[in-house]
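# Commentary on secondary and tertiary structure
Each chain is listed here by its residues.
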Amino acid sequence: MYACGITPYDAAHLGHAFTYLAFDLVNRVWRDAGHDVNYVQNTTDIDDPLLERAEALGVDWRDLAHREIDVFREDMAALRILPPTSYVGVVESIDLISDLAVRIRDSGAAYELDGDLYFSVADAEDFGRISGLERAQMLELFGERGGDPQRSGKKDPLDWLLWRAERPGEPAWDSPLGRGRPGWHIECSAIALDRLGPGFDINGGGSDLIFPHHEMGAAETRCATGSANAHNHLHVGMVGLNGEKMSKSRGNLVFVSKLREQGVEPPVIRLAMLAHHYRSPWEWTDAELPVATRRAERWRAAFALGQAPDAAPLLAAVRAALAEDLDSPAALAAVDAWTDTALAEGGTDTGAPALARATADTLLGVAL
């Protein structure tokens, strides 16, 4: 599976964490079923937002990227998000990306405009299948999410940039296309093809990536290989705060690192997120942490008992819940029910507390 990674110009917020929690659940379910998992995640360590933030802060863009990547990985480790098999940066993948852009150009699906290379949407087979959007909706979202539908000289407003020719004062690399840097979407296409090949099981990220990122990335892979990039797409609901999507552009972020600095236990943060189904948008409120803290306390107390009710049905219930579209709220409810019985009535199985603890730890990633 492939998960679109962060652009490291600020610390990881709960929206990021919720996205990678969903992929972590897939990883755990697959491993529990006995599968070998090849999980790839990129880091967009060169992009306009990173350059803009570095300039505003008066720091080198490379230093900013390295710093924020370190914070992100520390946060993910604290939340017990299993690390990908491969973390792959865009900067280290410039040759892969430019080579893919050349393949697309040589297929006849791309054209040059003032030194830039654009993918022609007219040559994108089955375009719109992933998003299901009408053209007007595509145009609106393309403009909102980094595209340039208004640029003159393009064959179609929806054509997207594959390779950006060097601009004064911007980082650039040598390539068969001339000096420049990657455009949009193609970094994930190139990295996924290199590490997984076409036809892998799951591609995904936040629901805001459905269009244009995943739609256009899929078109690039199909053009270059004749095959779909992934059999399935997994999209995670947005996390809101005060009635709006949590995002860097709005500045309404709750940072994992800040919660940890405030003394919130990482298992509590994880439990707060697991209480929401991965596909559903939800709102972070002041009630999230107290509820999750209480749940953690009760689970910890039940796991510490010398005897408890048989936990084999609990393990089966958690597996069944996660097999049903990663229904983490149902999995939490199963552990809650076992915990309530254990604390209220006790039990006779001396191995049950350890099995219940291992179930929460291994399948849900909650270590108490």
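This text gives an overview of the structure that appears in the document. Here the residue numbering is sequential within each chain, running from 1 through the sequence in written order. This being a predicted model, a pLDDT of at least 70 is required before a residue's local features are given, and a value of 80 or more before pairs of side-chain atoms are given or counted; all residues contribute to the totals for chains, interfaces and linings. Think of the side-chain values as coming from all heavy atoms in the structure, minus any hydrogens and water.

Before going further, it helps to examine the sheet that holds strand E10 (residues 239-241). The sheet built from three strands is open, its strands ordered E11-E10-E12 with mixed pairing. Edge positions in the sheet fall to strand E11 (244-245) and strand E12 (282-283), since each of these pairs with one other strand and no more. Should DSSP find at least two bridges between two strands, the strands are regarded as paired. Secondary structure counts use DSSP, requiring at least four H or I residues in a row for a helix and at least two E residues in a row for a strand, with both numbered from the N terminus. In terms of strand pairing, E10 meets E11 through two bridges, oriented antiparallel. Of the residues in E11, the one forming a bridge with Gly-240 is Lys-245.

The next point concerns helix H9 (residues 266-274). Given 3.6 residues per helical turn, the α-helix brings residues three or four places apart onto the same face. Burial runs high along H9: eight of the nine residues are buried. On its buried face, H9 is in contact with helix H1 (14-32), helix H8 (256-261), E12, helix H10 (288-303), helix H12 (328-345) and helix H13 (352-364). Categorising residues by exposure relies on relative accessible area from a 1.4 Å probe, with only protein chains included: less than 20% of the type maximum marks a residue as buried, more than 50% marks it as exposed, and the intermediate range marks it as partly exposed. Contact criterion: two residues are considered in contact whenever any of their non-hydrogen atoms come within 4.5 Å of each other.

For the rest of this paragraph, the subject is the packing of H10 against H12. Axes here refer to lines fitted to C-alpha atoms; in helices the fit is confined to the stretch in contact. Angles between the N-to-C directions go from 0 to 180 degrees. Interaxial distance between H10 and H12 falls to 9 Å at its minimum, and their mutual angle equals 55°. On the basis of their axis angle, the class for H10 and H12 is oblique. Here H10 runs over H12; the crossing is left-handed. Each of Arg-295, Arg-298, Trp-299, Ala-301, Ala-302 and Phe-303 in H10 lies in contact with H12, whose residues at this interface are Leu-332, Val-335, Asp-336, Trp-338, Thr-339, Asp-340, Ala-342 and Leu-343. For this classification, the nonpolar set comprises Ala, Val, Leu, Ile, Met, Phe, Trp, Tyr, Cys and Pro, the charged set comprises Asp, Glu, Lys and Arg, and every other residue, Gly included, is treated as polar. Counted by class, the contact of H10 with H12 contains nine nonpolar, one polar and four charged residues. In these notes the angle categories are as follows: under 35 degrees is roughly parallel, over 145 is roughly antiparallel, 65 to 115 is roughly perpendicular, and the rest is oblique. Take the far helix as your reference; a near helix turned counterclockwise from it by less than a right angle gives a left-handed crossing, and one turned clockwise gives a right-handed crossing.

Side chains of strand E5 (residues 116-119) alternate between two faces, with Asp-116 and Tyr-118 and Leu-117 and Phe-119 buried alike. Relative to E5, strand E4 (residues 110-113) runs antiparallel, the two being bridged by four bridges. By the bridge assignment for E5, Ala-110 is matched with Phe-119. Once E4 ends, the chain turns through two residues before running back antiparallel as E5, passing Asp-114 with a positive phi of about 55°. The pairing of E5 with strand E6 (residues 160-165) spans three bridges and is antiparallel.

Next up on the list: the pairing of E6. Within a regular strand, the side chains alternate between the two sheet faces. Burial of E6 is extensive: six of the six residues sit out of reach of the surface. Here E6 runs beside strand E7 (residues 180-182); their pairing, made up of three bridges, is antiparallel. The partner of Trp-163 across the bridge, within E7, is Pro-182.

The next subject is the packing of helix H4 (residues 94-106) against helix H6 (residues 186-195). A pair of packed helices is characterised by two quantities: the angle between their axes and the separation of those axes. H6 packs onto H4 with a crossing angle of 100° between their chain directions and a minimal axis gap of 9 Å. It follows that H4 is roughly perpendicular to H6 by the angle criterion. Every residue of H6 that contacts H4 at Leu-96, Ile-97, Leu-100, Ala-101 and Ile-104 is listed here: Ile-186, Glu-187, Ser-189, Ala-190, Leu-193 and Asp-194. In the contact of H4 with H6, the residues fall into eight nonpolar, one polar and two charged.

What follows concerns H13. The span expected for a helix works out to 1.5 Å for each residue beyond the first. Its 13 residues give H13 an end-to-end C-alpha distance of 17 Å, which sits within 8% of 18 Å, the value for a rise of 1.5 Å per residue. Turning to H13, its buried residues number three or more, namely Ala-352, Pro-353, Ala-356, Thr-359, Ala-360, Leu-363 and Leu-364. Mapping the buried residues of H13 onto a view down its axis gives an arc of 135°, with all of them on the same face. Looking one or two residues past H13, Gly-365 carries a phi angle of roughly 70°, positive in sign. Relevant arc is that of directions from the helix axis to the C-beta atoms, nothing else.

Attention now goes to unusual backbone geometry. Leave glycine aside and you will find that most residues have negative phi; peptide bonds, for their part, are mostly trans. With an omega of 10°, the peptide bond between Phe-211 and Pro-212 qualifies as cis. For Pro-212, the position within the fold is in helix H7 (residues 210-225). One non-glycine residue, Leu-326, lies in positive phi territory at about 55°. When you line up the elements, Leu-326 lands in the loop between helix H11 (312-323) and H12. Among the residues examined, Leu-326 registers a relative accessible area of 8% and is labelled buried.

On to the state of the cysteines, then. Two cysteines whose sulfur atoms are joined by a covalent bond form what is called a disulfide. Note on disulfides: each one is a pair of cysteine sulfur atoms within 2.5 Å. Inspection of every chain in the model, using the stated rule, returns zero disulfides. Cysteine Cys-4 is unpaired, with the sulfur of Cys-188 as its nearest cysteine sulfur at 3.8 Å. On the accessibility criterion, Cys-4 (6% relative accessible area) is buried. The cysteine Cys-223 is free of any disulfide, with Cys-188 supplying the nearest cysteine sulfur at 17 Å.

The description of two aromatic rings rests on the distance between their centres and on the angle between their planes. Stacked, tilted and edge-to-face pairs are distinguished by plane angle, under 30 degrees for stacked and over 60 for edge-to-face with tilted covering the rest, among Phe, Tyr and Trp rings (Trp via its six-membered ring) whose centres lie within 6.5 Å. In this structure the tally under the stated criterion is twelve aromatic pairs. Aromatic side chains Phe-127 and Phe-211 sit 6.1 Å apart centroid to centroid with 75° between the ring planes, which places their arrangement in the edge-to-face category. Pair noted here: Phe-127 is in the loop between E5 and helix H5 (135-144) and Phe-211 is in helix H7, with a separation of 84 residues, a long-range link. Owing to a relative accessible area of 22%, Phe-127 belongs among the partly exposed residues under this scheme. Consider the rings of Trp-299 and Phe-303, whose centres lie 6.3 Å apart with planes at 50°: the pair is tilted. Note that Trp-299 and Phe-303 are positioned in helix H10 at a spacing of four residues, about one turn of the helix. The exposure classification of Trp-299 matches that of Phe-303, with both residues buried. In textbook terms, an aromatic cluster arises when at least three aromatic residues are bridged by ring pairs, as seen for Phe-119, Phe-127, Trp-160 and Phe-211. Any Lys NZ or Arg CZ found within 6 Å of a ring centre and within 35 degrees of that ring's normal is scored as a charge over the ring. The positively charged end of Arg-73 is found above the aromatic ring belonging to Tyr-87, 3.9 Å away from the centroid. One residue, Arg-279, lies across the ring of Tyr-278, its end atom 5.9 Å from the ring centre.

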